[in-house]
Every structure is written in C-alpha cells, then in structure tokens.
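For reference, the chains in residue letters:
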Amino acid sequence: MSLIQCPYCQSTHVRQTDSSHANANYFEQLQRCISPTQMALFGMQLAKKAGFPPFTGAAIGVVVGGVLVIVSQYCYEKYYSNAEQYVCLDCQQQFAWAR
Ligand SMILES: [Zn+2]
C-alpha cells in the first residue's frame, strides 16, 4: 500500500484528482500570453527603442517567444510527467505527488 501524505496536514486521507483538464487550460493560457504575434509586436517595440529595423526586432521576438514556450513546456512536462494530482480530504488542499 502506497502511503501518500498531505504536505499541509500530514493526513493520509487523500484522493487522486483528474488534472488533465487543468493542464490543458494552463497551456492555452501560456500560448495566449506568448503568442508569436504578440512576441513580434513586442520585438518591434523594443527594436524601435534600440534603433534596430522593426523587422529584425519582430524576428527576434518570434524566436525568443518560441524558445520560451518550448522551454516552459519541457520543464512542465519533466516535472509533471511522473506526478499525479491529489486533494486532501481533511484540509482540502491540492498537491502534486511524484511517484
Ligand atoms: Zn491536508
């Protein structure tokens, strides 16, 4: 029997929850925040201030934005691929438990 404890109150009365929906929302929000269009606009604004041609700034913005999304997805998947979401039945706190 695996003993999973709540990190908040040390209770073993925990229940596994389905977190796939929450994860999908997380990525939707992330990609909305770091969309190529917005990164291109951001790069153009920076380029204007720094004296670069706007096109160069836009290209840099898209590349930087793409790298940010890939890196954050990699970190997220690496951290959560072996983890499962649980909710404590005693204090109602949610936590991830890596097996
Ligand atoms: Zn608890």
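Everything numeric here is computed off the predicted structure, so don't read it as measured data.

S.K.: Any chance you could explain the nonpolar core here in plain terms?
M.R.: Nonpolar side chains in soluble globular proteins tend to be buried together. Of all hydrophobic cores here, the largest spans 6 residues; its members are Ile-4, Cys-6, Val-14, Tyr-86, Cys-88 and Phe-95. Contacts of Cys-88, omitting those with residues within four sequence positions, involve Cys-6, Cys-9, Ser-11, His-13, Val-14, Gln-93 and Phe-95.

S.K.: Looking at this model, I keep getting lost on the pairing of strand E3 (residues 94–98). Mind explaining?
M.R.: Within a regular strand, side chains alternate between the sheet's two faces. When strand E2 (residues 83–88) meets E3, the two strands line up antiparallel, connected through 5 bridges. The residue bridging Tyr-86 from the neighbouring strand is Phe-95, located in E3. Adjacent in sequence and paired antiparallel, E2 and E3 are bridged by 5 residues, among which Gln-92 carries a positive phi angle near 65°.

S.K.: Where do I start with the UniProt feature "transmembrane region" (unreviewed entry) in the protein in this structure?
M.R.: According to UniProt, the "transmembrane region" (unreviewed entry) feature falls on residues 55–76. Across residues 55–76 one finds 100% helix and 0% strand; the C-alpha atoms that close the span lie 31 Å apart.

S.K.: When you look at the coordination of the zinc ion in this model, what are you seeing that I'm missing?
M.R.: Six octahedrally arranged donors around a metal ideally form angles of 90 or 180 degrees; four tetrahedrally arranged donors ideally form angles of 109.5 degrees. Here the zinc ion is held by the protein donor atoms Cys-6 (SG), Cys-9 (SG), Cys-88 (SG) and Cys-91 (SG), which lie 2.2 to 2.3 Å from it. Here the zinc ion binds 4 donor atoms, and the angle range of 104 to 117° at the metal identifies the geometry as tetrahedral. Written as a sequence motif, the donor residues of the zinc ion are C-x2-C-x78-C-x2-C. A residue pair is termed long-range when its members are at least 10 positions apart, and Cys-6 in the segment before strand E1 (14–16) and Cys-88 in strand E2 qualify at 82 residues. In terms of burial, Cys-6 and Cys-88 fall into one category: buried.

S.K.: What should I look at first to understand the sheet that holds E3 in this one?
M.R.: The strands making up a sheet associate through backbone hydrogen bonding, with each pair oriented either parallel or antiparallel. What the 3 strands build is an open sheet, ordered E1-E2-E3; its pairing is antiparallel. In this open sheet, the two strands that pair with only one neighbour each are E1 and E3. Across this sheet, the average inter-strand angle for adjacent strands is 40°, counted without regard to direction.

S.K.: I keep staring at the packing of aromatic side chains and nothing clicks. Help me out?
M.R.: Two aromatic rings are characterised by how far apart their centres lie and by the angle between their planes. Applying the stated criterion to the full structure yields 2 aromatic pairs. Ring geometry for Tyr-86 versus Phe-95: centroids 6.1 Å apart, planes at 20°, classification stacked. Phe-95 carries the same exposure label as Tyr-86, and that label is buried. Arranged with centres 6.5 Å apart and planes meeting at 75°, the rings of Phe-95 and Trp-97 form a pair that is edge-to-face.

S.K.: What exactly am I supposed to notice about unusual backbone geometry here?
M.R.: Most of the time, phi is negative for any residue but glycine, and the peptide bond is trans. In this structure, Gln-10 is a non-glycine residue whose phi angle is positive, near 65°. Tracing the sequence through the fold places Gln-10 in the segment before E1. Of note, the phi angle at Gln-92 is positive, near 65°, even though the residue is not glycine. Its place among the elements puts Gln-92 in the loop between E2 and E3. Gln-92 sits in the exposed class, given a relative accessible area of 55%.

Reading guide: rules and limits
Residues numbered from 1 in each chain as written. Predicted model: local features only at pLDDT ≥ 70, side-chain atom pairs only at ≥ 80, totals over all residues. Heavy atoms only, no water. Core = buried A, V, L, I, M, F, W, Y, C linked by side-chain atoms within 4.5 Å. Buried < 20%, exposed > 50% of the residue type's maximum accessible area, 1.4 Å probe, protein only. Contact = heavy atoms within 4.5 Å. Pairing = 2+ DSSP bridges. Helix = DSSP H or I, 4+ residues; strand = E, 2+ residues; numbered from the N terminus. UniProt positions renumbered as here; feature names shortened; annotations may be inferred. Donors = N, O, S within 2.8 Å, 3.2 Å for Na, K, Ca; no water. Tetrahedral: all angles 85-135°; square planar, octahedral: opposite > 155°, others 65-115°. Axes fitted to C-alpha atoms, helices over the stretch in contact; angles between N-to-C directions. Phe/Tyr/Trp six-rings, centres within 6.5 Å; stacked < 30°, edge-to-face > 60°.

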